[in-house]
Amino acid sequence: MDLDLRYPALTDLRARARRRLPHFVWEYLDSATGSESVKALNRARLDAVRLTPRVLRGPIAPDLTTSLMGQTYSAPFGIAPLGMSGLIWPGAEAALARLSAEKRIPYGLSTVATRLPEEIGPLAGERGWFQLYPPGDPGIRADLLRRAKDAGFGVLVLTVDVPAPSRRERQRRADLAIPPKKTPRMIWQAAIRPRWSLGTLRTGIPRLRLMEEYLRLDGNAPSTAHAGYLLRTNPDWDYVKALRDGWDGLLVLKGILRPEDAVQARAAGADAVWVSNHAGRQFDGCPASIDMLPAIRAAVPGLPLIADGGVEGGLDILRMIARGADFVMLGRAWHYALAALGPQGAAHLDHILRDDLIANLHQLGMNRPADLQSAATEGQV
C-alpha cells in the first residue's frame, strides 16, 4: 500500500485514528477546554500567516538540519510530551522514542506518561527531553531529576502553564478519569475497537506509573488520591531557581506567552523558552501561540524559541519559524498517526512533514527553514 496515496496528509491519519480509538480515548486526545475556541484560533491564526514566494532563484537544495541548544537535529520539528500517551495507543512512548532516535529529532517524555524514564530514556538516546510537571515535595523533585539524568535525558522541560486542572468538558462527558476506570460504558467502547483493546491487554492498563511509585511513599496522601495528587503545586520563580540549581543539563520553560516572562526566564537561567498555549487544553481565553512569537522574539534576541499550537504540516512549521520560532513541536499529530497505523503511522507523519517542508521551501526559493527568520526581519516574507 502506498501510504502517500492513501494518507497524504495529517487529516487523513486523524480520520482513520478516530475510527480505531474507543470514544473516551478519542475525546482525551482530540479535546481542548471550554468552548475549544483556542484550538480553533490556533488553526485560524496559522492560516492567516502568508509567506511570499521568491522566484528565479536558480537551483534550490533544501537542508532541514537544525541546531538547537548546542544539538543538531535532522529537521526543525520534534515530538512534544503528551500525558498518558500510552492510553492513546499501546506502547506509544516506546514507539515514539525509537522514532526520535532513528530520525534524529527530539522526543519529550511526560512526568505523567504510562512508562518510566528508565524504560524510555535509553530508546530515545541523546534525543530525549524529560517534561516535568512540578511536584511540591523537594525530595520527590530531586529524585525525579536524578532519575531523568540517569536515564539519559539531557533536556529538562518545566511546564509552567498548569497552575490548576482545567475542566475539559468533552472528557467529562466521556466519563474519562485519569487513570481510566473500568465502567460498562468504557468496556463496551473498548470492545468495539479490538486493535486498541488487544494492544492494551498486551502492554497493560495505562497507569501513571512514575508518580504511583511516589504516591505509595507519601504518608500525607489522601486514601482516595491518585498519582496526580503529588503534582498539585504552584511553582514560582524560586521554584525555577531550585530547578536550575539542581539540574546540570539544559532547561526549557514551556508555556510562555508574555514577553516579560521570557525575559525573566532567561534571567533565571533557562536555555530556551517554549511558546505554547497548551493546545487550548488549559485556558480557553488565551491568544494563539503564533501571534505571541514576534513580541517574544524581540524581547529575548538570541534566546532559542520553541513553539507549538495547532501545527499540522510543514507549511505550519515554516509559518512558526517566520514569526520567530527556532524549533517547532507537535503533540497530538504524532498520536493521531500512531492511532491510525501504529508505529508505521508515526514514521509516515515524519515523512509527510519533511516532504511538505521541502516542497514549500522550493516554492519560497529558500534552502533552509531558518532563512525565513532573516527574510522576515527584512520584510521579505
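From a predicted model like this one, the values you see are computed outputs, not experimental measurements.

In this section: the packing of aromatic side chains. Going through the model one piece at a time under the given rule, you end up with six aromatic pairs. Ring geometry for F77 and W334: centres 6.3 Å apart, planes at 35 degrees, overall tilted. Taken together, the positions of F77 in strand β3 (residues 77-79) and W334 in helix α17 (residues 332-341) put the pair 257 residues apart, joining distant regions of the chain. Residues W129 and W274 carry aromatic rings whose centres are separated by 6.2 Å and whose planes lie at 80 degrees to one another, so their mutual orientation is edge-to-face. Of the two residues, W129 sits in strand β5 (residues 128-132) while W274 sits in strand β8 (residues 272-275), which places them 145 residues apart along the sequence. Exposure remark for W129: the relative accessible area of 1% places this residue in the buried category. Owing to a relative accessible area of 0%, W274 belongs among the buried residues under this scheme. The aromatic ring of W274 is capped on one face by K254, whose charged end is 5.2 Å from the ring centroid. One Lys or Arg, R281, reaches over the ring of Y28 and ends 5.2 Å from the middle of that ring.

So, about the side chain of R281. Tracing the sequence through the fold places R281 in the loop between β8 and α15 (289-299). For R281, which is buried and forms no salt bridge, the nearest opposite charge comes from E36, at a distance of 7.5 Å. Among the polar contacts made by the side chain of R281, one reaches the main-chain carbonyl oxygen of Y28 at a distance of 3.0 Å. Excluding anything up to four places from it in sequence, R281 contacts Y28, L29, S31, A32, T33, S166, R168, Q171 and R332.

Another aspect to go through is the side chain of R354. If you trace the backbone, R354 turns up in helix α18 (residues 343-364). A distance of 2.8 Å separates polar atoms of two side chains, one belonging to R354 and the other to S74. At 2.7 Å, the side chain of R354 and the side chain of D350 are in polar contact. Contacts of R354, omitting those with residues within four sequence positions, involve L64, S74, A75, F77, K103 and I105.

Core analysis: the largest hydrophobic core is formed by 108 residues, its most contacted members being L13, L21, F77, I317, M320 and W334. When residues in this core are grouped by element, the largest group, eight residues, is from α17. Dropping the residues within four chain positions of it, F77 is found in contact with I105, P106, I317, F327, V328, L330, W334, D350, L353, R354 and L357. Judged by nonpolar contacts, the second largest core, of 13 residues, contains M69, A80, V155 and V157.

Take the pairing of β5 next. Burial runs high along β5: five of the five residues are buried. Pairing of strand β4 (residues 107-110) with β5 involves four bridges; the strand directions are parallel. Pairing of Y107 across the sheet is with G128, part of β5. Taking the sense of rotation as the criterion, the β-α-β connection linking β4, helix α7 (residues 117-124) and β5 turns out right-handed. When β5 meets strand β6 (residues 155-159), the two strands line up parallel, connected through four bridges. Looking across to β6, one finds that W129 is bridged to V155.

With respect to the helices, strands and loops of the structure, T72 is situated in strand β2 (residues 71-73). Given a relative accessible area of 40%, T72 falls into the partly exposed group. T72 sits 32 residues away from R104 along the chain, and the two C-alpha atoms are 8.3 Å apart. Ignoring any residue separated from it by four or fewer positions in sequence, one finds T72 in contact with T65, T66, S67 and R127.

Within this structure, the stated rule accounts for 28 salt bridges. The partner of D30 in a salt bridge is R170, with the nearest N and O atoms 3.2 Å apart. Taken as a pair, D30 in helix α3 (residues 23-30) and R170 in helix α9 (residues 169-173) lie far apart in primary sequence, 140 residues in all. Take D30 and R170: they sit in the same class, and that class is buried. With a shortest N-O distance of 2.9 Å, E260 and R258 are connected by a salt bridge.

Right, let's get into the packing of helix α2 (residues 10-20) against α17. Remark: α2 packs on α17, axes separated minimally by 7 Å, with the N-to-C direction vectors making an angle of 60 degrees. What the angle tells us is that α2 and α17 run oblique. Considering only the axes of α2 and α17, their crossing is left-handed. Residues L10, L13, R14, R16, A17 and R20 of α2 form the contact with α17, whose participating residues are A333, Y336, A337, A339, A340 and L341. The class makeup of the residues in the contact of α2 with α17 is nine nonpolar, no polar and three charged.

Backbone geometry at L56 places phi at a positive 55 degrees, although glycine is not the residue there. Here L56 shows up in the loop between α4 (37-48) and β1 (66-68). The phi torsion at R168 lies on the positive side, around 45 degrees, for a residue other than glycine. Take R168: it is sitting in the loop between β6 and α9. Given the relative accessible area of 14%, R168 is considered buried.

Rules used throughout
- Residue numbers restart at each chain and count upward from 1, following the sequence in its written direction.
- At least 70 in pLDDT is required for a residue's local features to be given in this predicted model, at least 80 for side-chain atom pairs to be given and counted, and no such filter applies to totals for whole chains, interfaces and linings, which use all residues.
- For side-chain calculations, the full set of non-hydrogen atoms in the structure is used, while hydrogens and water are omitted.
- Pairing of aromatic side chains here covers Phe, Tyr and the six-membered ring of Trp, requires ring centres within 6.5 Å, and sorts the geometry by plane angle: under 30 degrees stacked, over 60 edge-to-face, intermediate tilted.
- Every helix listed is a DSSP run of H or I at least four residues long, and every strand listed is a run of E at least two residues long, numbered separately from the N terminus.
- Categorising residues by exposure relies on relative accessible area from a 1.4 Å probe, with only protein chains included: less than 20% of the type maximum marks a residue as buried, more than 50% marks it as exposed, and the intermediate range marks it as partly exposed.
- Each ring is checked for a lysine NZ or an arginine CZ that lies within 6 Å of its centre and within 35 degrees of its normal; such an atom marks a charge sitting over the ring.
- Charge assignment: positive for Lys and Arg, negative for Asp and Glu; neither His nor the chain ends contribute.
- Whenever a carboxyl oxygen of Asp or Glu lies within 4 Å of a side-chain nitrogen of Lys or Arg, that contact is scored as a salt bridge.
- Polar contacts here mean pairs of N or O atoms no more than 3.5 Å apart (in protein, one a potential hydrogen donor and the other a potential acceptor; neighbouring residues in sequence count only if both atoms are side-chain atoms).
- Contact criterion: two residues are considered in contact whenever any of their non-hydrogen atoms come within 4.5 Å of each other.
- By convention a nonpolar core is built from buried Ala, Val, Leu, Ile, Met, Phe, Trp, Tyr and Cys residues, the set being connected through side-chain atoms within 4.5 Å.
- Only when DSSP finds a minimum of two bridges between them are two strands counted as paired.
- Here a crossover is taken to be right-handed if, once the strands point away from the viewer, the path from the first strand over the helix to the second is traced clockwise.
- For helices, the fitted line uses only the C-alpha atoms of the stretch in contact; every axis is such a line through C-alpha atoms, and the angle between N-to-C directions lies from 0 to 180 degrees.
- Here roughly perpendicular refers to angles of 65 to 115 degrees, roughly parallel to angles under 35, roughly antiparallel to angles over 145, and oblique to all remaining angles.
- Rotating anticlockwise by less than a right angle from the far helix to the near helix defines a left-handed crossing, while the corresponding clockwise rotation defines a right-handed one.
- Classification used: nonpolar for Ala, Val, Leu, Ile, Met, Phe, Trp, Tyr, Cys and Pro, charged for Asp, Glu, Lys and Arg, polar for all others including Gly.

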